[in-house]
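Examination of the molecular architecture
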Amino acid sequence: MPAPTPTALPAAPPAAVRRRRPRSAVLPPLLPSALLGLVALAVAVPGLLAGADPLAADPLAALAPPGPGHWFGSDHLGRDVLARVVHGARHSISIGVVATALAVTSGVLLGLAAGLSPRWLDEALARAFDVLSTLPELLLALLVVAITGPGTANVIFAIAVAQIPAYARVIRAQTFVVRRSGCVEQAVTFGRGRLAITAGHVLPNVLGPIPVLATIGLGTAIIAGSGLSFLGMGPQPPAAEWGAMLSEARDYLRVAWWEALFPGLAITLTVACLTVVGRRLQRRFEGRTP
Amino acid sequence: MIRRLGAGLAVLWAAATASYLALLLAPGDTVDVLVGEGPDTPQIRAAIVREWGLDRPGIVQYLAYLWRLLHGDLGRSYQSQRGVGEILATQVGPTVQLTLAAAAAGVTLAGLIAVVTAGRGRAARAAVSAAELVAVSVPPFLIGIVLLAVFSFTLGWFPVSGAAGPAALVLPALTLGLPIAGVLGQVLRGGLERALEQPFALTARARGLTERALVTRHALRHALIPAVTLAGWFTGSLLGGAVITEVLFGRPGLGRVAVDAVTGRDMPVVMAVVLLSACVYVVISTLLDLAYRAIDPQTRS
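None of the values given here were measured: they were computed from a predicted structure.

The rules behind the values
- Residues numbered from 1 in each chain as written.
- Chains lettered and ligands numbered in written order.
- Predicted model: local features only at pLDDT ≥ 70, side-chain atom pairs only at ≥ 80, totals over all residues.
- Heavy atoms only, no water.
- Helix = DSSP H or I, 4+ residues; strand = E, 2+ residues; numbered from the N terminus.
- Buried < 20%, exposed > 50% of the residue type's maximum accessible area, 1.4 Å probe, protein only.
- Contact = heavy atoms within 4.5 Å.
- Areas by Shrake-Rupley, 256 points an atom, 1.4 Å probe, with all protein chains shown as cover.
- Lys, Arg positive; Asp, Glu negative; His and termini not counted.
- Charge placed at Lys NZ, Arg CZ, Asp CG, Glu CD.
- Buried area = accessible area lost by both parts, 1.4 Å probe.
- Salt bridge = Lys/Arg side-chain N within 4 Å of Asp/Glu carboxyl O.
- Axes fitted to C-alpha atoms, helices over the stretch in contact; angles between N-to-C directions.
- Left-handed = near helix turned anticlockwise from the far one by under 90°.
- Nonpolar A, V, L, I, M, F, W, Y, C, P; charged D, E, K, R; others polar.
- Domains from an automatic or database assignment.
- pLDDT = per-residue confidence, 0-100.
- Parallel < 35°, antiparallel > 145°, perpendicular 65-115°, else oblique.
- Core = buried A, V, L, I, M, F, W, Y, C linked by side-chain atoms within 4.5 Å.

The next point concerns the overall build of chain A. When helices and strands are tallied, chain A shows 12 helices and zero strands. Secondary structure elements in chain A, listed N-terminal to C-terminal, are α-α-α-α-α-α-α-α-α-α-α-α. Counting over 290 residues, chain A shows a buried share of 51%. Partitioning the contacts of chain A with sequence separation of at least 6, the portion at a separation of at least 24 is 73%. A total accessible area of about 12900 Å² is found for chain A, and carbon and sulfur atoms account for 68% of it.

Take the overall build of chain B next. When helices and strands are tallied, chain B shows 13 helices and zero strands. The order of α-helices and β-strands along chain B, N terminus first, is α-α-α-α-α-α-α-α-α-α-α-α-α. Based on the C-alpha atoms only, the size of chain B along its principal axes is roughly 85 × 55 × 30 Å. Accessible surface, chain B: about 14700 Å² in total, of which carbon and sulfur atoms supply 66%. Considering chain B, the positive charge centre built from 23 side chains and the negative charge centre built from 17 side chains are found 15 Å apart.

Attention now moves to the interface of chain B and chain A. By a widespread convention, an interface's size corresponds to the accessible area lost as its parts come together. Chain B puts 51 residues into the contact, and the matching count from chain A is 46 residues. Here chain B meets chain A over a buried area of about 4200 Å², counting both sides, of which 78% is carbon and sulfur. Counting the surface chain B buries against chain A, the share from its top three residues, B:Leu133, B:Phe141 and B:Phe153, is 13%. At the boundary of chain B and chain A, one finds one salt bridge.

All names here are of chain A. Counting across every chain of the model gives eight salt bridges over all chains. Across the pair Arg172 and Asp122 runs a salt bridge, and its minimum N-O distance is 2.6 Å. Taken as a pair, Arg172 in helix 7 (residues 152–179) and Asp122 in helix 5 (residues 119–134) lie far apart in primary sequence, 50 residues in all. The same class applies to Arg172 as to Asp122, namely buried. For Arg127, the salt bridge is made with Glu123, and the minimal N-O distance between the two is 3.0 Å.

It is worth spelling out the packing of helix 4 (residues 81–116) of chain A against helix 12 (residues 257–285) of chain A at this point. Residues and elements named next belong to chain A. Orientation of helix 4 relative to helix 12, taken along the N-to-C sense of each, is 40°, at an axis distance of 10 Å. Taken as a pair, helix 4 and helix 12 cross one another with a handedness that is right-handed. Across the interface between the two elements, Val81, Val85 and Ile93 of helix 4 pack against Trp258, Glu259, Phe262, Pro263, Ala266 and Thr270 of helix 12. Taken together, the residues of the contact of helix 4 with helix 12 sort by class into seven nonpolar, one polar and one charged.

What follows is about the domain arrangement of chain B. Residue and element names in this part refer to chain B. For chain B, the domain assignment lists domain 1 (2–84) and domain 2 (87–300). Computed over C-alpha atoms, the centres of domain 1 and domain 2 are 34 Å apart. Counting residues at the interface gives 23 residues for domain 1 and 18 residues for domain 2. Joining domain 1 to domain 2, the criterion identifies zero salt bridges. Within the residue set of the side of domain 1 that touches domain 2, elements represented by two or more residues are helix 1 (2–25) and helix 4 (58–70). Among the elements that take part in the side of domain 1 that touches domain 2, helix 1 stands out by supplying 10 residues, more than any other. For the side of domain 1 that touches domain 2, the class distribution of residues is 14 nonpolar, six polar and three charged.

All right, on to the confidence of the model for chain B then. All names here are of chain B. Looking at chain B, the pLDDT average stands at 80 and 95% of residues meet or exceed 70. When pLDDT is averaged over each element of chain B, helix 12 (residues 254–263) comes out on top at 87 and helix 2 (residues 30–35) at the bottom at 69. Scoring the predicted complex yields pTM 0.80 and, for the interface, ipTM 0.79.

Looking now at the packing of helix 8 (residues 167–196) of chain B against helix 11 (residues 231–249) of chain B. Residue and element names in this part refer to chain B. At a minimum axis distance of 9 Å, the contact between helix 8 and helix 11 shows a crossing angle of 150°. Classified by the angle between their axes, helix 8 and helix 11 sit roughly antiparallel to one another. Relative to helix 11, the crossing made by helix 8 is right-handed. Side by side, helix 8 and helix 11 meet where Leu171, Pro172, Thr175, Leu176, Pro179, Ile180, Val183 and Leu184 of the first sit next to Trp233, Phe234, Ser237, Leu238, Gly241, Ala242, Thr245 and Phe249 of the second. Class assignment for the residues of the contact of helix 8 with helix 11 results in 12 nonpolar, four polar and no charged.

We now examine the nonpolar core. Residues A:Leu231 and A:Met233 are the most contacted members of the largest nonpolar core, which totals 95 residues. Top contributing element to this core by residue count: helix 6 (residues 137–148) of chain A, with 10 residues. Three or more residues apiece are contributed to this core by two domains, here domain 1 (2–84) and domain 2 (87–300) of chain B. With residues near it in sequence (within four places) discarded, A:Leu231 still touches A:Leu142, B:Val243, B:Ile244, B:Val247 and B:Val259. Of all hydrophobic cores here, the second largest spans 28 residues; its members include B:Leu98, B:Ala114, B:Val183 and B:Ala204.

Here you go:
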């Protein structure tokens, strides 16, 4: 997937450059968080934001432009676009969140395992991460879907698999730093067990970069999920998923721009807010490594 | 250099092995897939097993697969019964055209953005970082949909779909190139600004060079170094984006082939596309490594 990965882990800029960078060049400080709150609300209680049924078709009101009654217009089957965008958040966001959670968990475990194993095993795992990261994420995800078949759960699994190498590589590098640190040395001196040291000292200390990476990665996962849905591999119609909505709206572009505009805006704004929040976290935690 | 080649070959071997594992993991019996809708009798099944060598032990099949790959034999498609190599050969042209056009558009735009905005103060910086934020946040197919809505449906400048003529290439290339331009432009601009603060820039100005000559002849070379490290992302973005762009614009090409193969569970074709993209990645990253040496004399030693 054309992912914003290069921005995920840039080298820390020199101090002079960092100081000069305007804090909020693009958006006022609270706007992204507020918008993300709104998206979370749509995921939790969609009925609160849109009363209409996202699946109720009304052929007589098909392709109505935005206006009273249908604030975002209606689609080619007369379904309310506002309701579909609001209810679609649940599909699109949960695909991203579950896939990211899976990828982070497996990435942390694999990275930790690699960083703590004997040299040959570590080398083998590290090379495997390298090879997987040479493949574009979308192709890797498509390879997984070719094995598992289409469907929401399979798309989640595919995106998670495609993102694991990125997390595993970071955690492996962190593990190398932490296992040489004072607290681990001290724990070894006190004769604590291997498992206790790993769980009590190594794990908490390698997790430092994860919140930032996962926030930005969530945006990537949402884009990947909507891309796979757009290709028809994700939630099947009539489910309101943002990528699938855009795929349907493509056929009605000439007559109904609103059917494509609003789900498109929803994806873009959500991912943009996640990226902004992620980068702010990154700036705040910059230089705070164990 | 030899180490570099060895690493590239190792990546290809691992990619081949990974796609072979994917074939093993694919559910359902290979024989079932091959029988398909045709008549299903024990004789036919036995014939298929013999023809495809499915009765041999796994390791022999794996080695035979690697041996065939070495000879450029990618196997046969389950769906069309044609050679996979043949299918890819007929479809590679449009994809190469699309990705090259997109890369050219992306790099040119990024260069323009960087040269025009570097050192122009806060407003320019804010505009470029806003553009970069949009570039990483908009799904690629949405850019295509917006371009279609504006330039094909409203203005009628470009055809809606197909691959006939250069006019049909413009919108797909922009769809694929714009996100690249956004990210690359931001990185190049940052590099340029840092280069322009360095002592050599002062020296060049003291020698009476115009600002334009300073940027194009001296500073741009420094700005290229961080940009080259984005090459992996760049290649992946082109290859992955090509899949979606081809489907959106109804263009023929490898991405199209990949999506059809995934939908039809045509594993040999999927594997071949994955292998091909690994090859492209290895070749491009090796070439860029060489470019890196040409740009930065400090790395030649």
